[in-house]
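# Analysis of the macromolecular model
Residue strings, one per chain:
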Amino acid sequence: MNGFTASELNELRNQFPALHQSIYGKPLIYLDNAATTQKPQLVIDRITKYYTFENCNIHRGVHYLSQEATAAYEDVRAKVAGFIHAAKSEEVIFTRGTTESINLIASSFGKLLFETGDSVLITGMEHHSNLVPWQQLCKNHNGELLVAELDERGEVSMEQYGKLLEQKPKLVAITHISNALGTVNPIKEMIAMAHANDIPVLIDGAQSVAHMRIDVQELDCDFFVFSGHKMYGPMGVGVLYGKQKWLEQMPPWQFGGEMVDQVSLHETTFNQLPFKFEAGTPNVAGVLGLGAAIDFLQQTDLEKIGLHEMIILNYALEKLKSIPGIRIIGNAAERAGVISFVVEGTHPSDIGTLLDKMGVAVRTGHHCAQPVMTHFNVPGTVRASFAAYNSLAEADIFVEAVQKAVNMLC
Ligand code: PLP
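Moving on, we get to helix H6 (residues 158-165). It helps to recall that an α-helix has 3.6 residues per turn; residues three or four apart then point in one direction. Burial in H6 covers these residues: Tyr-161, Gly-162, Leu-164 and Leu-165. Projected down its long axis, H6 carries its buried residues within an arc of 165°, all on one side. Counted as exposed and oriented over 90 degrees from the buried face of H6: Glu-159 and Lys-163. Looking at the buried side of H6, the elements it contacts are strand E5 (120-123), strand E6 (145-148), strand E7 (171-175) and helix H7 (187-196).

The following block contains the structure:
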């Protein structure tokens, strides 16, 4: 199977109004997709339609608009469950995004299971969102945050991971794909190894869900979390998938709104799943936009998207490597459409600023993964990250722009 044909790619790009603009008189080349993707017209239209005609609070209304909005919101829950192959819709909780999903689990799962001295096992490549909540949870219980270190390629040492599991952490929390390096972790194997030690596993899917097919039952993960805005959907909405057996036992983390059953002045009983974890008025427009983003991904074909991005990644990597002074940060055997690099004698933000003036949008800095930067002994990197709508022609312009920036700075 190949990536997209030229006409398929053209058609795909035409669905994204933001791609058809000029920056400083240059056509925009958007390569900051790991931070957030652009939005297709059908996502924008879905949100506009909701606020234009359907706007209403959900779950508590007897009138037409409220019932319609409630049904549309719950339809998306079922759509998300189908998309990640959850066994039940009740296992899908809507949140504000990956960060909130992880904080919810750290708070609630922490209350359920953590005792003095308990630990969590993460890897050395985690985004701060999948590091700081566990670091704080461990600190609060006088426990240790266990870290499976990276090697010089940016891969986790599986031998060390296995050894750390023997210390019986209460939870393993690992990213599927590193946002800073592009490393794809062997999560199926890592989950099986943790389960062999009776340890539940959370997968941070922020960087994977828009690039490959996810089947939470096949993976057998206990939790899987992701954000709408990194998968062509809106900001401010995300998902926490959890196995029912955990979600049933976990206490609610925020109170008020639809998460209650009966309330008296001195006692409250809580609603059933999934509502137990959705306090207050939810982001209805965001959820509907997320549903449209899933429609987009399914219509476009996730497997083709993944292949297309790999073709661009390998093409751009090879070309970049020929520029003198470039050091690619992260060289894992299994990797996704992210290239992090530094140029000897230059600061990443200087390269990023020059690329911007040439219309090329990349991200520079530590990418919310400071321990990764420490590991590679760099202050930050320049990061280009690819999405379904990027093209080989854009990769050419990107590499030429890097070459020009290097010539100006070195
Ligand atoms: N985890 C990873 C791997 C990420 O790349 C990101 C965002 O870049 C996050 C978590 C946090 O996502 P959000 O800011 O949408 O909550």
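Read on, since the account is not over.
Next up on the list: the site of the ligand. Every residue near the ligand is listed here: Thr-98, Thr-99, His-127, Ser-129, Thr-175, Asn-179, Asp-204, Ala-206, Gln-207, Ser-227, His-229 and Lys-230. Contacts to the ligand include His-127, whose side-chain N or O atom sits 3.4 Å from an oxygen atom. Gln-207 has a polar side-chain atom sitting 2.7 Å from an oxygen atom of the ligand. When the ligand sits alone it has 390 Å² of accessible area, and the protein chains cover 85% of it. Here the shell around the ligand is built from residues that sort into 1 nonpolar, 9 polar and 2 charged.

Another point: the sheet that holds strand E9 (residues 223-227). In a beta sheet, neighbouring strands pair by backbone hydrogen bonds and run either parallel or antiparallel. Spatially, the 7 strands line up as an open sheet ordered E4-E10-E9-E8-E7-E5-E6, and their pairing is mixed. Strands at the two margins of the open sheet, each flanked by one partner only, are strand E4 (92-95) and E6. Pairs of neighbouring strands in the sheet enclose a mean axial angle of 20°, with direction left out of account. Across 5 bridges, the pairing between E9 and strand E10 (residues 238-242) is antiparallel. Its bridge partner being in E10, Val-225 is matched across the sheet by Leu-240. Docked against the sheet, helix H3 (residues 64-84) engages E4, E9 and E10, running at close to 115° with respect to E4. Sheet strands touched by H7: E5, E7 and strand E8 (201-204). Its angle to E8, the strand with the most contacts, is close to 160°.

Below, the discussion takes up the environment of Gly-291. Within the secondary structure layout, Gly-291 lies in helix H10 (residues 284-300). Along the sequence, Gly-291 and Met-190 sit 101 residues apart, while their C-alpha atoms lie 30 Å from each other.

The 4 strands lie next to each other as E13-E14-E17-E16, forming an open sheet whose pairing is antiparallel. Each edge of the open sheet carries a strand with a single partner, namely strand E13 (326-328) and strand E16 (363-365). This sheet shows a mean twist of 30° between the axes of neighbouring strands, independent of strand direction. Across 4 bridges, strand E14 (residues 338-343) lies against strand E17 (residues 381-385) in antiparallel orientation. Across the sheet, residue Phe-341 finds its bridge partner in E17, namely Val-382.

Quick look at the pairing of E17 now. With 5 of its 5 residues buried, E17 lies for the most part within the structure. By the alternation rule, side chains of E17 split into Thr-381, Arg-383 and Ser-385 and Val-382 and Ala-384, which are all buried. Across 3 bridges, E16 lies against E17 in antiparallel orientation. For Gly-365, the partnering residue across the bridge sits in E17 and is Thr-381.

Next up on the list: the packing of H3 against H10. Between H3 and H10, the least distance of the axes is 9 Å, while the angle of their chain directions is 40°. When the axis of H3 is compared with that of H10, the two are oblique. For H3 against H10, the interelement crossing comes out left-handed. Here H3 contributes Ala-72, Tyr-73, Val-76, Lys-79, Val-80 and Phe-83 to the contact with H10, which in turn contributes Val-284, Val-287, Leu-288, Leu-290, Gly-291, Ile-294, Asp-295, Leu-297 and Gln-298. Tallied by class, the residues present in the contact of H3 with H10 amount to 11 nonpolar, 2 polar and 2 charged.

Turning next to the domain arrangement of the protein chain. Partitioning the protein chain into domains gives domain 1 (6-36 + 301-409) and domain 2 (44-299). The gap between the C-alpha centroids of domain 1 and domain 2 is 28 Å. Taking both sides of the interface into account, the surface hidden between domain 1 and domain 2 amounts to around 2,800 Å²; carbon and sulfur atoms contribute 57%. For the pair domain 1 and domain 2, the interface holds 1 salt bridge. A salt bridge links Arg-213 to Glu-303; the shortest N-O distance between them is 3.8 Å. At the boundary of domain 1 with domain 2, the tally comes to 22 residue pairs in polar contact (both at pLDDT 80 or more).

Here the structure, examined in full by the defined rule, presents 20 salt bridges. Of the charged contacts, one joins Glu-278 and Arg-77 as a salt bridge, the two residues approaching to 2.8 Å between their closest N and O atoms. With Glu-278 in the loop between strand E12 (268-270) and H10 and Arg-77 in helix H3, this pair connects stretches of sequence that are 201 residues apart. By the burial criterion, Glu-278 is buried, and Arg-77 matches it. Within this structure, Asp-32, Arg-363 and Arg-383 form a network of salt bridges that share partners.

Rules behind the numbers
Residues numbered from 1 in each chain as written. Predicted model: local features only at pLDDT ≥ 70, side-chain atom pairs only at ≥ 80, totals over all residues. Heavy atoms only, no water. Buried < 20%, exposed > 50% of the residue type's maximum accessible area, 1.4 Å probe, protein only. Helix = DSSP H or I, 4+ residues; strand = E, 2+ residues; numbered from the N terminus. Arc of directions from axis to C-beta. Contact = heavy atoms within 4.5 Å. Near = heavy atom within 4 Å. Polar contact = N/O pair within 3.5 Å; in protein donor to acceptor, adjacent residues only side chain to side chain. Areas by Shrake-Rupley, 256 points an atom, 1.4 Å probe, with all protein chains shown as cover. Nonpolar A, V, L, I, M, F, W, Y, C, P; charged D, E, K, R; others polar. Pairing = 2+ DSSP bridges. Axes fitted to C-alpha atoms, helices over the stretch in contact; angles between N-to-C directions. Parallel < 35°, antiparallel > 145°, perpendicular 65-115°, else oblique. Left-handed = near helix turned anticlockwise from the far one by under 90°. Domains from an automatic or database assignment. Buried area = accessible area lost by both parts, 1.4 Å probe. Salt bridge = Lys/Arg side-chain N within 4 Å of Asp/Glu carboxyl O.

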